[in-house]
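Residue-level listing of the chains:
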Amino acid sequence: MTGSGRESAARHGRAEVDRDLVERAVRGDTDAFGTIVQSLTDHLYAVAYRIVRDTGRAEDATQQAILDMWRHLPQLRDPMRFEAWAYRCLTRACYAELRRQRRWEANLRVLPEAMTVEPDHAGAVVRRDALRHAFRRIPPDQRAAIVLHHYAGLSIPEVADALSIPPGTVRSRLFYGMRTLRDAYQRAETAGAERGLA
């Protein structure tokens, strides 16, 4: 793993699972699997949220991934590859959630009346909103590669393993996904500036 990957993993709390626990879980030890799930759930949810961009759907994807992991755990051949295998289960569950509900939904939050927004912060709000909208424009396969690499801190070979694709495809998805993100962000920020918000 590169230095920046280690920093990213440390920053986002990359979860690593004890091989002994995985081996016990593969043999059917429900307590071992419960310990694994307890240590991974928050991290899996955080990755799922960044892929599906909706809290409810991220919860559903995380639950489905954990269920799939339990069902298919006996088929795991190499306990050392558990992390990549878990991300693969999660990514598939995220893709299924995205297919289930393809239409875009407005994500509005009502602010309490007592809460006021300072004019100095309007630019930051516009930039954050522009980034959120730009990230939604990225196709799910590219979004998954970006999240696993930049947020979860996986190296390109680890992302390839997690997504069951060649490393060259990961690089391509990262390149095109980041380009789409950058272009969409610039368009959204420019639109905000034209409205006088930035």
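Residues numbered from 1 in each chain as written. Predicted model: local features only at pLDDT ≥ 70, side-chain atom pairs only at ≥ 80, totals over all residues. Heavy atoms only, no water.

Engineer: Quick question: what am I supposed to make of the pattern of salt bridges here?
Structural biologist: Side chains that differ in sign of charge can pair as their charged atoms come close. Following the criterion strictly, the structure yields seven salt bridges and no others. Between Arg 19 and Glu 23 there is a salt bridge, and its shortest N-O distance comes to 3.0 Å. With Arg 19 and Glu 23 both in helix H2 (residues 19-26) and four residues apart, the pair spans about one turn of that helix. In this structure, the salt-bridge partner of Arg 100 is Glu 97, at a minimum N-O distance of 2.3 Å. One end of the pair is Arg 100 and the other is Glu 97, both in helix H5 (residues 82-100) and three residues apart, which spans about a single turn. Each of Asp 20, Arg 24 and Asp 29 takes part in one network of salt bridges that share partners. (Salt bridge = Lys/Arg side-chain N within 4 Å of Asp/Glu carboxyl O. Helix = DSSP H or I, 4+ residues; strand = E, 2+ residues; numbered from the N terminus.)

Engineer: Teacher, can you tell me more about the environment of Ala 58 here?
Structural biologist: Following the sequence through the fold, Ala 58 ends up in helix H4 (residues 55-72). Look at Ala 58 and you get buried, because its relative accessible area is 0%. For Ala 58 and Leu 90, which are 32 residues apart along the polypeptide, the C-alpha to C-alpha distance reads 9.7 Å. What Ala 58 contacts, discounting residues up to four positions off in sequence, is Tyr 45, Ala 48, Tyr 49 and Val 52. (Buried < 20%, exposed > 50% of the residue type's maximum accessible area, 1.4 Å probe, protein only. Contact = heavy atoms within 4.5 Å.)

Engineer: Got a minute to help me understand the side chain of Asp 161 in this structure?
Structural biologist: Tracing the backbone through its elements, the reader meets Asp 161 in helix H8 (residues 156-163). The class of Asp 161 is buried, set by a relative accessible area of 19%.

Engineer: Help me understand the packing of aromatic side chains in this model?
Structural biologist: Two measures describe an aromatic ring pair: the distance that separates the ring centres and the angle between the ring planes. The full count for this structure, using the stated rule, is four aromatic pairs. For the pair Phe 175 and Tyr 176, a centre-to-centre distance of 5.0 Å together with 80° between the ring planes defines the contact as edge-to-face. Overall, the relative accessible area of 38% leaves Tyr 176 in the partly exposed class. For Arg 50, the ring lying beneath its charged end belongs to Tyr 151, and the centroid distance is 3.9 Å. (Phe/Tyr/Trp six-rings, centres within 6.5 Å; stacked < 30°, edge-to-face > 60°. Lys NZ or Arg CZ within 6 Å of the ring centre and 35° of its normal.)

None of this, on its own, says anything about what the molecule does.
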